[in-house]
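Tertiary structure, described
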Amino acid sequence: MVALGLVLLVLSGALAIGVALSNTDPVSASAFGVALSDITVGSLFLLGAATGVIFMLALTMMAAGASRRRARRDQRRQAVKEVRVEKEQLATENAELRERLSDPSLVGASGGGPADNSGGASVNPSGDREGRHTRTGLFKRD
């Protein structure tokens, strides 16, 4: 495809140059109140070809901009969709956790919280079991 496009581009350039060089008859033209006198037919043709190239460049730029805008819009829609799915998953997980908390089999003998699974070891407020220091890092006490 690229090779075919390149061949067509070269052929159209050669045609434009051929038309411009072979048509040397002077003509006069006017556009938007501006008169061009003693301009050759070949020059007028090249001026039209340049106008066509600028027009195609403008259309290409507009199409590329619209494509980028569409891609950004699709990305935003996908992000919103992912957030909604995550929100639904978190709501489902939250409901499951609430069910677990309301289940009487998981509540301890005192009824004030989950069952104590410490295996009989006493836990003091600092997190130590029976006087052993379990802290690590900067706050380790020996």
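Everything below is about the structure shown above.
A brief report on the enclosed structure follows. (Residues numbered from 1 in each chain as written. Predicted model: local features only at pLDDT ≥ 70, side-chain atom pairs only at ≥ 80, totals over all residues. Heavy atoms only, no water.)

**Examining the overall build of the protein**
Per the secondary structure count, the protein includes two helices and two strands. When the elements of the protein are put in sequence order from the N terminus, they spell out α-β-β-α. Here the protein holds 142 residues, and 6% of them are scored as buried. (Helix = DSSP H or I, 4+ residues; strand = E, 2+ residues; numbered from the N terminus. Buried < 20%, exposed > 50% of the residue type's maximum accessible area, 1.4 Å probe, protein only.)

**Quick word on the pairing of strand β1 (residues 26–31)**
Here β1 lies mainly on the outside; zero of its six residues are buried. Direction of pairing for β1 relative to strand β2 (residues 34–40): antiparallel, over a ladder of five bridges. Of the residues in β2, the one forming a bridge with A29 is L36. Counted along the chain from β1 to the antiparallel partner β2, the turn is two residues long, and its residue F32 has a positive phi close to 55°. (Pairing = 2+ DSSP bridges.)

**A word on the environment of A49**
Secondary-structure assignment places A49 in helix α2 (residues 41–102). Judged by its relative accessible area of 31%, A49 is partly exposed. C-alpha of A49 to C-alpha of G13: the two residues are 36 residues apart in sequence and 9.7 Å apart in space.

**Overview of a negative patch on the surface**
A cluster of acidic residues, E93, E96, E99 and D103, forms a negative patch at the surface. Note on placement: E96 falls in helix α2. (Patch = residues over 30% accessible without salt bridge, like charges linked within 9 Å, V, L, I, M, F, W, Y side chains within 5 Å. Areas by Shrake-Rupley, 256 points an atom, 1.4 Å probe, with all protein chains shown as cover. Salt bridge = Lys/Arg side-chain N within 4 Å of Asp/Glu carboxyl O. Lys, Arg positive; Asp, Glu negative; His and termini not counted. Charge placed at Lys NZ, Arg CZ, Asp CG, Glu CD.)

**So, unusual backbone geometry**
The backbone of D38 sits at a positive phi, close to 55°, despite the residue not being glycine. On the basis of relative accessible area, D38 is assigned to the exposed category, the value being 67%.

**Let's talk about a positive patch on the surface**
Together, R68, R69, R70, R72, R73, R76 and R77 make up a positively charged patch on the protein surface. Within the secondary structure, R72 sits in helix α2.

**Examining a nonpolar patch on the surface**
Together, M1, V2, L4, V7, L8 and L11 make up a nonpolar patch on the protein surface, roughly 710 Å² of accessible area in all. On the secondary structure map, V2 appears in helix α1 (residues 2–22).

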